[in-house]
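A look at the structure
Here is how the chains run, residue by residue.
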Amino acid sequence: ATRDPTFFRLHKYMDNIFKEHKDSLHPYTHEDLDFTGVDIENLGVEGPLRTYFEEYEFDLRNAVDSAEGIEDVELHANVHRLNHHDFKYVAEVKNNNDNEVLATFRLYLCPEYDNNGEHFDYSNSHWHCIEMDKFWKKLSPGPNHVERKSSDSSVTVPDVPSFQSLMDAADEAVSSGGSFEMHDFERSCGIPNRMLLPKGQKDGMEFSLFLAITDGSHDLTHTASDMDAEHGGTHSHCGSHGEVYPDKRPMGFPLDRSFPDRRLVDETTNIKVIHVHVYHDESKFAVVGQ
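Residues numbered from 1 in each chain as written. Predicted model: local features only at pLDDT ≥ 70, side-chain atom pairs only at ≥ 80, totals over all residues. Heavy atoms only, no water.

**Section: the packing of aromatic side chains**
Enumeration according to the criterion identifies six aromatic pairs in this entry. With 5.0 Å between their ring centres and 80 degrees between their planes, Tyr28 and Phe253 make a pair best called edge-to-face. Of this pair, Tyr28 sits in the loop between helix H1 (5–24) and helix H2 (30–33) while Phe253 sits in the loop between helix H6 (235–238) and helix H7 (263–266); the two residues are 225 residues apart in sequence, bridging distant segments of the chain. Judged by relative accessible area, which is 8%, Tyr28 ranks as buried. Taking relative accessible area as the criterion, Phe253 reaches 1% and is therefore assigned buried. On the basis of an interplanar angle of 70 degrees and a centroid distance of 6.2 Å, the ring pair of Tyr108 and Phe210 is categorised as edge-to-face. Here Tyr108, found in strand S5 (residues 101–111), pairs with Phe210, found in strand S10 (residues 205–215); they are 102 residues apart in sequence, far enough to count as distant. Owing to a relative accessible area of 0%, Phe210 belongs among the buried residues under this scheme. One residue, Arg81, lies across the ring of Tyr56, its end atom 3.6 Å from the ring centre. (Phe/Tyr/Trp six-rings, centres within 6.5 Å; stacked < 30°, edge-to-face > 60°. Helix = DSSP H or I, 4+ residues; strand = E, 2+ residues; numbered from the N terminus. Buried < 20%, exposed > 50% of the residue type's maximum accessible area, 1.4 Å probe, protein only. Lys NZ or Arg CZ within 6 Å of the ring centre and 35° of its normal.)

**Considerations on the UniProt feature "domain: Tyrosinase copper-binding" (unreviewed entry) in the protein**
When the UniProt feature table is mapped to this numbering, "domain: Tyrosinase copper-binding" (unreviewed entry) covers residues 4–15. Helix makes up 92% of residues 4–15 and strand 0%. Its end C-alpha atoms lie 17 Å apart. (UniProt positions renumbered as here; feature names shortened; annotations may be inferred.)

**Concerning the nonpolar core**
Ranked by size, the top nonpolar core spans 28 residues in total, and within it Val93, Phe105, Met132, Leu139, Leu209, Leu211 and Ile213 carry the most contacts. Among the elements of the structure, strand S1 (38–46), strand S4 (88–95), S5, strand S6 (130–139), S10 and strand S11 (271–289) are those that each provide at least two residues to this core. It is S5 that provides the largest number of residues to this core, a total of five residues. With near-sequence residues (within four places) excluded, Phe105 lies in contact with Val93, Asp133, Lys134, Phe135, Lys137, Leu139, Val146, Leu211, Ala212 and Ile213. Core analysis: the second largest hydrophobic core is formed by 13 residues, Tyr28, Cys110, Leu255 and Val265 among them. (Core = buried A, V, L, I, M, F, W, Y, C linked by side-chain atoms within 4.5 Å. Contact = heavy atoms within 4.5 Å.)

**A look at the domain arrangement of the protein**
We note that the domain assignment places domain 1 (5–155 + 190–281) and domain 2 (157–189) within the protein. Using only C-alpha atoms to locate each centre, domain 1 and domain 2 end up separated by 28 Å. (Domains from an automatic or database assignment.)

**What about the pattern of salt bridges?**
Summed over the entire model, instances satisfying the criterion amount to 13 salt bridges. In this structure, Asp133 and Arg148 form a salt bridge, with 2.7 Å as the shortest nitrogen-oxygen distance. A residue pair is termed long-range when its members are at least 10 positions apart, and Asp133 in strand S6 and Arg148 in strand S7 (residues 142–149) qualify at 15 residues. For Asp133, a relative accessible area of 0% translates into the label buried. Taking relative accessible area as the criterion, Arg148 reaches 11% and is therefore assigned buried. The residue Asp266 makes a salt bridge to Arg262 at a minimum N-O spacing of 3.1 Å. (Salt bridge = Lys/Arg side-chain N within 4 Å of Asp/Glu carboxyl O.)

**Regarding the state of the cysteines**
Enumeration over the complete set of coordinates arrives at one disulfide. Across the disulfide, Cys110 is cross-linked to Cys129 (sulfur-sulfur distance 2.0 Å). Handedness of the Cys110-Cys129 disulfide follows from its S-S torsion of about 100 degrees: it is right-handed. Residue Cys110 is located in strand S5, and its partner Cys129 is located in the loop between S5 and S6; the two are separated by 19 residues in the primary sequence. Relative accessible area serves as the criterion here: at 0%, Cys110 is assigned to the buried category. (Disulfide = S-S within 2.5 Å.)

Below, the structure written as structure tokens:
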């Protein structure tokens, strides 16, 4: 329905109803956000936050009608699309508890300015953010060094393999007696992994990187032993394989409600906000295909 304007009017209507519901809820308190004994001492990004355009070649062989006795012909289409360089998040987290704790890491990217160039006032309003990642990790007592690759994000999916590559893989599995492994493509939903970063600007576009670490033993709906499996990936959007949402917190927590005061964020030690810039490389132009 992407070309139907009526669809988007209905979608906006439903979104506004949901927003009214969220606005009617009481803002989170310090007790709602606090993870006792856990302090984020430092947060950073390794690798460039840099986007670029690439020329991608689609295999359209399976999109053309065929008739019996007529040989298939190769058919491809080229399209310019956005991509970004790989990067990773790095956090120094101190667990002041005497025991190991299970933590939920929630990462968001929040623009500093709106489309009119006006600076967002996050001191007493909603945070207009996109979810970058959510994952669980056990924190040992004392300092913990945590790294997370952008390619491991739980909100993204890889490119769908072409029909021809699926045929080749299936033929190879049959001829060699091996297995047909496609586990990397079984995720239920998610945005393309190349679109995790929004398009930057040549001189850099300003964003706030927001990290909240919450109590995983309270959040997780599965057992801790299942936590390492990441629930098949992309669980942040539609749950585990579209069935069970593995988090007891609402989607977008803790940014799903407005903050009465920015100091609530600044004074919560398990929340950290840093300023980053996303650049766009106009000179880089890669050529890739299915």
